[in-house]
Amino acid sequence: MTIPASVNDLLRPEPKRDRWGRYLVAGPNGGKAKGYTRVTTLAKTCSDTYGLTEWAKRIVAVGVAKRPDLIAEAANLTADDKGPLREIVAAAEEVGGANERRRLGTALHKILEIIDQGGDAHVPGDLAPHVTAYQQALDDAGVQILREHTEQVVIHDGHQYAGTGDRIVTLPGFDLPLIADLKTGKDPLSYGAGEISIQLACYAHAQHTYDYATEQRGPMPTVDQTHGLVIHLSARPEGAAECTLHLVELQPGWE
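Worth saying up front: this structure is predicted, and the values here are computed from it rather than measured. (Residues numbered from 1 in each chain as written. Predicted model: local features only at pLDDT ≥ 70, side-chain atom pairs only at ≥ 80, totals over all residues. Heavy atoms only, no water.)

Once that is clear, we can look at helix α5 (residues 82–96). Its 15 residues place the ends of α5 20 Å apart at the C-alpha level, agreeing with the 21 Å of an ideal helix rising 1.5 Å per residue. For α5, the set of buried residues is Ile 88, Ala 92 and Gly 96. Taken down its axis, α5 places every buried residue within 70° of arc, on the same side. Exposed residues pointing more than 90 degrees away from the buried face of α5 are listed as Lys 82, Arg 86 and Glu 87. Those residues of α5 hidden inside the fold are in contact with α3 (50–65) and α4 (68–74). Positive backbone phi, at 95°, marks Gly 97, one or two positions downstream of α5. (Helix = DSSP H or I, 4+ residues; strand = E, 2+ residues; numbered from the N terminus. Expected span 1.5 Å × (residues − 1). Buried < 20%, exposed > 50% of the residue type's maximum accessible area, 1.4 Å probe, protein only. Arc of directions from axis to C-beta. Contact = heavy atoms within 4.5 Å.)

Quick look at the structure:
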């Protein structure tokens, strides 16, 4: 996707990371940058990966069944042949469709980031219904996006964590803005409600925003620390586009 220069100006710089993928954050007084643990890493420490692992196995089985060449390659290998089997598994995952939703989800995140910051995104025809469903769901619920906090990096110096919050929004019935997260996977709350609660709670309790263009801290807006909002826009290549909104309790995640 080609992004016009004017739109590029809307997008925030990519966070700097250390070799372990942690966010590199400069000291409060401009000191040497330190690696802050990613919020998603913290959230995954308590996640139940059984369902995801079982799904991955099924995807590989489907992929191998569709590719006789992969069966032939694996026929004379053992479980100790890690390198060749890793390549076979990766090919089977691709054929089985494991990466298609991920790529669609990444594309939707970028498109909606541009749109929510007032830019003119190029929307491929097959993703237009997803964008419409997203905007309609927000409009119907009265959700207002705080444009200046779209894809905002937030940090907590005390706990030394950092992460990128998708949105901060206002919602009728709540006195304070809510942290909102866009999920494009399949039914994320059924398999990862606890993980999502931790993730959004960490964002809500962050001490500062962080700007990688200047490497400076900024004031963290006061947000609701009891509830967050999940915007579930299922990234699927087939079927009708659907977007649903879900409130998530944050106190269990923070504890």
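Next up on the list: the packing of α3 against α5. Two elements in contact, α3 and α5, have axes separated by 7 Å at closest approach and are oriented at 90°. With respect to α5, the axis of α3 lies roughly perpendicular. The residues of α5 that touch α3, namely those facing Ile 59, Val 60, Gly 63 and Val 64, are Val 89, Ala 92, Glu 93, Val 95 and Gly 96. Grouping the constituent residues of the contact of α3 with α5 by class yields 6 nonpolar, 2 polar and 1 charged. (Axes fitted to C-alpha atoms, helices over the stretch in contact; angles between N-to-C directions. Parallel < 35°, antiparallel > 145°, perpendicular 65-115°, else oblique. Nonpolar A, V, L, I, M, F, W, Y, C, P; charged D, E, K, R; others polar.)

Before going further, it helps to spend a moment on the side chain of Asp 166. If you trace the backbone, Asp 166 turns up in the loop between β5 (161–165) and β6 (167–170). Summary of buried charges: Asp 166 has no salt-bridge partner, and the nearest side chain of opposite charge, Arg 167, is 5.0 Å away. A polar side-chain atom of Asp 166 sits 2.8 Å from the main-chain amide nitrogen of Leu 182. In contact with Asp 166, not counting residues within four places along its chain, are His 109, His 149, Thr 150, Glu 151, Ala 180, Asp 181 and Leu 182. (Lys, Arg positive; Asp, Glu negative; His and termini not counted. Salt bridge = Lys/Arg side-chain N within 4 Å of Asp/Glu carboxyl O. Polar contact = N/O pair within 3.5 Å; in protein donor to acceptor, adjacent residues only side chain to side chain.)

Now for the nonpolar core. Tyr 134, Leu 229, Ile 231, Leu 233 and Cys 243 are the most contacted members of the largest nonpolar core, which totals 24 residues. Broken down by secondary-structure element, the contributors of at least two residues to this core are α6 (100–116), α7 (128–141), β7 (178–183) and β10 (227–233). Apart from residues lying up to four places away in sequence, Ile 231 is in contact with Tyr 134, Leu 138, Ala 180, Asp 181, Leu 182, Lys 183, Cys 243, Thr 244 and Leu 245. Core analysis: the second largest hydrophobic core is formed by 19 residues, Val 154, Tyr 161, Ile 179 and Met 220 among them. (Core = buried A, V, L, I, M, F, W, Y, C linked by side-chain atoms within 4.5 Å.)

Turning to the packing of aromatic side chains, a few remarks are in order. Applying the stated criterion to the full structure yields 1 aromatic pair. Sitting above the plane of the Tyr 23 ring, Arg 17 keeps its charged end 4.6 Å from the centroid. (Phe/Tyr/Trp six-rings, centres within 6.5 Å; stacked < 30°, edge-to-face > 60°. Lys NZ or Arg CZ within 6 Å of the ring centre and 35° of its normal.)

This part takes up the layout of surface pockets. Approximately 220 Å³ is the volume found for the second largest pocket. Lining the second largest pocket are Ile 115, Asp 116, Gly 118, Tyr 134, Gln 135, Leu 138, Asp 139, Val 143, Gln 144, Ile 145 and Arg 147. When residues in the lining of the second largest pocket are grouped by element, the largest group, 4 residues, is from α7. (1 Å grid on protein atoms, 1.4 Å probe; cavity = no way out; pocket = protein on both sides within 12 Å on 5 of 7 lines; lining within 4 Å. Points joined across faces, edges and corners; volume = space filled by probe spheres on them.)

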